[in-house]
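Examination of the molecular architecture
Here are the chains, one letter per residue:
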Amino acid sequence: MAGGNERSVKTLKEVWGRAENSLCADCGKPDPDWASSTLGVFICLSCSGIHRNIPSISKVKSLKMDHWDDAQVQFLAKHGNAVTKAAYEAHIPIYYYQPTYNDCHVLREQWIRAKYERREFTEPGKQLPYSDGVKEGILWKRGRDNGQFLPRKFLLSEREGCLKYYTKQDAKEPKISVKIDVINATFQPEKIGNPNGLQITYLKDNKTRNIFVYHESGKEVVDWFNAIRSVQFHYLKVAFPIASDNEIKNRLTRNFLKEGYMEKTGPKQREAFKKRWFTLDHRRLMYFKDPLDAFAKGEVFVGSRENGYSVQKGLPPGTQGNFSWHYGLTIVTPDREYLFTCEKESDQLDWIAAFTSVINQDMTPQEYASKCLDPISF
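Bear in mind the structure is a predicted one, so any value in this text is a computation, not a measurement. (Residues numbered from 1 in each chain as written. Predicted model: local features only at pLDDT ≥ 70, side-chain atom pairs only at ≥ 80, totals over all residues. Heavy atoms only, no water.)

It is worth spelling out the sheet that holds strand 2 (residues 42-43) at this point. Taken in spatial order, the 3 strands make up an open sheet running 2-1-3, and their pairing is antiparallel. If you trace the sheet from one side to the other, it starts and ends with strand 2 and strand 3 (60-62), each paired once. (Pairing = 2+ DSSP bridges. Helix = DSSP H or I, 4+ residues; strand = E, 2+ residues; numbered from the N terminus.)

What follows concerns the domain arrangement of the protein chain. Examined at the domain level, the protein chain breaks down into domain 1 (1-117), domain 2 (134-250) and domain 3 (258-373). Averaged C-alpha coordinates put domain 1 and domain 3 at centres separated by 42 Å. (Domains from an automatic or database assignment.)

Close contact between helix 5 (residues 105-117) and helix 7 (residues 218-239) brings their axes to 10 Å; oriented N to C, the two are set at 90°. Comparing the axis directions of helix 5 and helix 7 gives the class roughly perpendicular. Of the residues in helix 7, those touching helix 5 at Val106, Leu107 and Gln110 are Gly218, Lys219, Val221, Val222 and Phe225. Of the residues belonging to the contact of helix 5 with helix 7, the class tally is 5 nonpolar, 2 polar and 1 charged. (Axes fitted to C-alpha atoms, helices over the stretch in contact; angles between N-to-C directions. Parallel < 35°, antiparallel > 145°, perpendicular 65-115°, else oblique. Contact = heavy atoms within 4.5 Å. Nonpolar A, V, L, I, M, F, W, Y, C, P; charged D, E, K, R; others polar.)

Time to look at the pairing of strand 8 (residues 183-187). Counted residue by residue, strand 8 has 5 buried out of 5 residues, so it is predominantly covered. Burial along strand 8 is two-sided: the face carrying Ile183, Ala185 and Phe187 and the face carrying Asn184 and Thr186 are both buried. (Buried < 20%, exposed > 50% of the residue type's maximum accessible area, 1.4 Å probe, protein only.)

Should the pLDDT be low somewhere, the predicted coordinates at that spot are not to be read in detail. Overall, the prediction assigns the protein chain a mean pLDDT of 91, with 96% of residues at 70 or greater. When pLDDT is averaged over each element of the protein chain, helix 5 comes out on top at 98 and helix 10 (residues 365-371) at the bottom at 67. (pLDDT = per-residue confidence, 0-100.)

Attention now moves to the nonpolar core. Core analysis: the biggest nonpolar cluster contains 55 residues, and Ile43, Leu156, Ile183, Phe187, Leu198 and Ile200 have the highest contact counts within it. Residue contributions to this core peak at 9 residues, all from helix 7. Of the domains in this structure, domain 1 (1-117) and domain 2 (134-250) are the two that each give at least three residues to this core. Judged by nonpolar contacts, the second largest core, of 22 residues, contains Met262, Leu285, Ile352 and Ala354. (Core = buried A, V, L, I, M, F, W, Y, C linked by side-chain atoms within 4.5 Å.)

Moving on: the packing of helix 1 (residues 6-16) against helix 3 (residues 70-78). Where helix 1 contacts helix 3, the axes come no closer than 10 Å and their chain directions differ by 25°. The angle between the axes of helix 1 and helix 3 places the two elements in the roughly parallel class. For the element pair helix 1 and helix 3, the recorded crossing hand is left-handed. Note on element contacts: helix 3 touches helix 1 through Asp70, Val73, Gln74, Leu76 and Ala77, opposite Arg7, Ser8, Thr11, Leu12 and Val15. Here the residues of the contact of helix 1 with helix 3 are counted per class, giving 5 nonpolar, 3 polar and 2 charged. (Left-handed = near helix turned anticlockwise from the far one by under 90°.)

Counted according to the given criterion, the structure contains 18 salt bridges. Bridged by salt links that share partners, the residues Asp26, Lys85, Glu89 and Lys115 form one connected network. (Salt bridge = Lys/Arg side-chain N within 4 Å of Asp/Glu carboxyl O.)

Laid out in C-alpha cells, this is it:
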C-alpha cells in the first residue's frame, strides 16, 4: 500500500478488511487487491483489466502499489461492494448467468459491462435484449462434416419452446428444430478456437448432439446464452408450477463437470487402448474421436454408489490391452467395468474426483428413467 498520510492508509486498510470486500465484487474471487475509485468496488486483478477497458465508467488502482488520496479513500469507505452491488445488481433476472472467476473472459466481461456500462439491472422491468421470449439472428456455425464455420440463421422462440437454425436466410423450413428442455449451452473458447465460442448440445433419440457456434460480438453471443436460459426458465415454470425459482434456476444451462483426453479400451478389455476426448456431463460420460465431433462415439451412464457404481484408482490386475499412458482408473457399474488411462497423475486424480462427486449424489426419478434408455455402444 503506497503513499497517502497515515490516517488515510489506516482507513483504507480498515475498509479493505471488511467482510463485504473480501471477495471480488464481479467474479467472487477471494482476496481482491484492486479497487475502482469511481465505482467504489473491490475487485481482483483479472476483473480490473476489464474495468480498465471501460475508462469512462471505471478508474482502477492497486490497493498495494498505488497512491490513494483522502477523497478516494473516503469514497471507498462510503461505498464498498455491498452498497455498490445493491445499486448495480438490484434487478437481475433470476435466469441471468452470473459468472465466477472460473468462467471464460467473454462471460465475465459482458457481466461487468452489463452492470456498470449498460446499467441493465438498475431498474425494475427494464426491457433486456434476452428477455423478449424470442431471438433471431446470425451465428457462425461449424459444419458437421467439413469443419468450416458458416453464417446460419438461428431462431429461439418461447412460444414454440424450441431453438431452430436454417441453412439459408430465406429458407422456410429449419434444418433442425430442438425442444428447449433438452438443450444445454456452455462456453468453450479454447475447444472452438474462438473467444466467443459457444457449444450447444441437445438430446436426440437419447443421444447427445453437439453444435459449435460463435459470434464476432461478445455481447451478442452472451445475449444468446442468456436468451436460451430465459426461455428455458419460463418453459420450466409452466412445466413444474410448484417448483421454486431457485430449483428451476438450477436446472438451466450447466458447465460440464470435466473434459479432456484419456485412453480407453473396449468391452473385452484386451483391445489396445485408444486416445479419445471425454466429456462428463453430470451422469453422462461421452467420448469423441475429436473434441469437435457432432456426435459422441459412445456414452455410459454414471449412477450412484447405492446403485452399484464406483470409481477406483488404477486398472484391474492382469489388464492385457496395450496402453501408453500409465495412470489408470476404473469405473465399476452393475453391468461391467470401464477402463481408462490418463497421461498425468494430476489428470487421473481430477477425473477420479469428478466421478466421485457424481457417484456420491442420489439419483433423481428422471435419472432413473434415462438409465433405462439404451446408451450408445461404449
